[in-house]
Amino acid sequence: MNRDGIRRPATMLAVAVIALSLVVPQLAAAQRPGMGAAGAFADNPGVRLWNALDQRYEEFTEVLGLTDTQVESVTALVEGFREENGAALRRYDEVMTQMRNRMRGGARRGAAGGGGARPNRQGMRPGGGGLADLMEELVPAFETLHTSIVELLDEEQGQTLNEFLTRRPGRD
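Overview of the structure. Remember, predicted model here, so these are calculated numbers, not experimental data.

**Overview of the overall build of the protein chain**
Now for step 1: Scanning the protein chain from terminus to terminus reveals nine helices and zero strands.
Now for step 2: Reading the secondary structure of the protein chain in the N-to-C direction produces α-α-α-α-α-α-α-α-α.
Now for step 3: In the protein chain, which comprises 172 residues, the share counted as buried stands at 27%.
Now for step 4: Roughly 11600 Å² of accessible area belongs to the protein chain as shown, and the carbon and sulfur atoms make up 54% of that amount.

**Brief notes about the packing of helix α4 (residues 57–64) against helix α5 (residues 68–84)**
Now for step 1: The N-to-C vectors of α4 and α5 enclose an angle of 145°; their axes lie 11 Å apart at closest approach. When the axes of α4 and α5 are compared, the crossing they make is right-handed. Listed contacts from α5 to Tyr57, Phe60 and Thr61 of α4 are Val71, Val74 and Thr75.
Now for step 2: Across the contact of α4 with α5, the residue classes tally to four nonpolar, two polar and no charged.

**Some points on the nonpolar core**
Now for step 1: Formed by 28 residues in total, the largest nonpolar core has its most connected members in Trp50, Leu53, Phe60 and Val74.
Now for step 2: Looking at this core element by element, the count peaks at seven residues for helix α8 (residues 131–152).
Now for step 3: If we ignore the near neighbours within four places in the chain, the residues touching Phe60 are Leu49, Leu53, Leu66, Val74, Ile149, Leu161 and Phe164.

**Remarks on helix α3 (residues 45–55)**
Now for step 1: Three or more residues of α3 are buried, namely Gly46, Val47, Arg48, Leu49, Trp50, Ala52 and Leu53.
Now for step 2: Two to three positions downstream of the cap, the backbone nitrogen of Gly46 sits 2.7 Å from a side-chain oxygen, assigning the N-cap of α3 to Asn44.

**Section: the packing of aromatic side chains**
Now for step 1: Inspection of every chain in the model, using the stated rule, returns five aromatic pairs.
Now for step 2: Clustering of aromatic rings is evident, with ring pairs tying together Trp50, Phe81, Tyr92 and Phe142.

**Concerning the pattern of salt bridges**
Oppositely charged side chains can pair when the atoms bearing their charge come close.
Now for step 1: Using the criterion set out here, one finds three salt bridges in the structure.
Now for step 2: Between Asp54 and Arg82 there is a salt bridge, with its nearest N and O atoms 2.6 Å apart. One end of the pair, Asp54, is in helix α3; the other, Arg82, is in helix α5, and 28 residues separate them in sequence.
Now for step 3: Of the charged contacts, one joins Arg56 and Glu59 as a salt bridge, the two residues approaching to 3.9 Å between their closest N and O atoms.

Rules behind the numbers
- Residues numbered from 1 in each chain as written.
- Predicted model: local features only at pLDDT ≥ 70, side-chain atom pairs only at ≥ 80, totals over all residues.
- Heavy atoms only, no water.
- Helix = DSSP H or I, 4+ residues; strand = E, 2+ residues; numbered from the N terminus.
- Buried < 20%, exposed > 50% of the residue type's maximum accessible area, 1.4 Å probe, protein only.
- Areas by Shrake-Rupley, 256 points an atom, 1.4 Å probe, with all protein chains shown as cover.
- Axes fitted to C-alpha atoms, helices over the stretch in contact; angles between N-to-C directions.
- Left-handed = near helix turned anticlockwise from the far one by under 90°.
- Contact = heavy atoms within 4.5 Å.
- Nonpolar A, V, L, I, M, F, W, Y, C, P; charged D, E, K, R; others polar.
- Core = buried A, V, L, I, M, F, W, Y, C linked by side-chain atoms within 4.5 Å.
- Polar contact = N/O pair within 3.5 Å; in protein donor to acceptor, adjacent residues only side chain to side chain.
- Phe/Tyr/Trp six-rings, centres within 6.5 Å; stacked < 30°, edge-to-face > 60°.
- Salt bridge = Lys/Arg side-chain N within 4 Å of Asp/Glu carboxyl O.

Next comes the structure, spelled out in structure tokens:
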């Protein structure tokens, strides 16, 4: 075997390693949770707060140790929020139900070898009538609700709220 035969594979390997080192970080950034429409929406503190208020209100008030006055204020904020954003919240509930159903169906098909659920890419883009449009409409409202509720809390309750909202189901 001559020297060129030894150097050529080593050179090709070095080029491949360099190319991968340039591409992999870009792929990782593109796939990072929170970077897509659904991920950005789900990781938004206002959205997470709304989901906690909507689905686990009693747990929310207990964990934060809200006073009776704070509970009344939060209840008034939530009722006002629902009133102001009723139509968008109904669409939000529909979209989230559809996404959960697709994921459940995909998990069943995936276990049977049929592959996972495929997201509706059109619904993820602005103007597609799906999640992206809801994001544009609801995220500012969710963030305003979050700010209003945080203003009612003392420092310790604010810290507890942050911990509560960053918990992931099944990872506690």
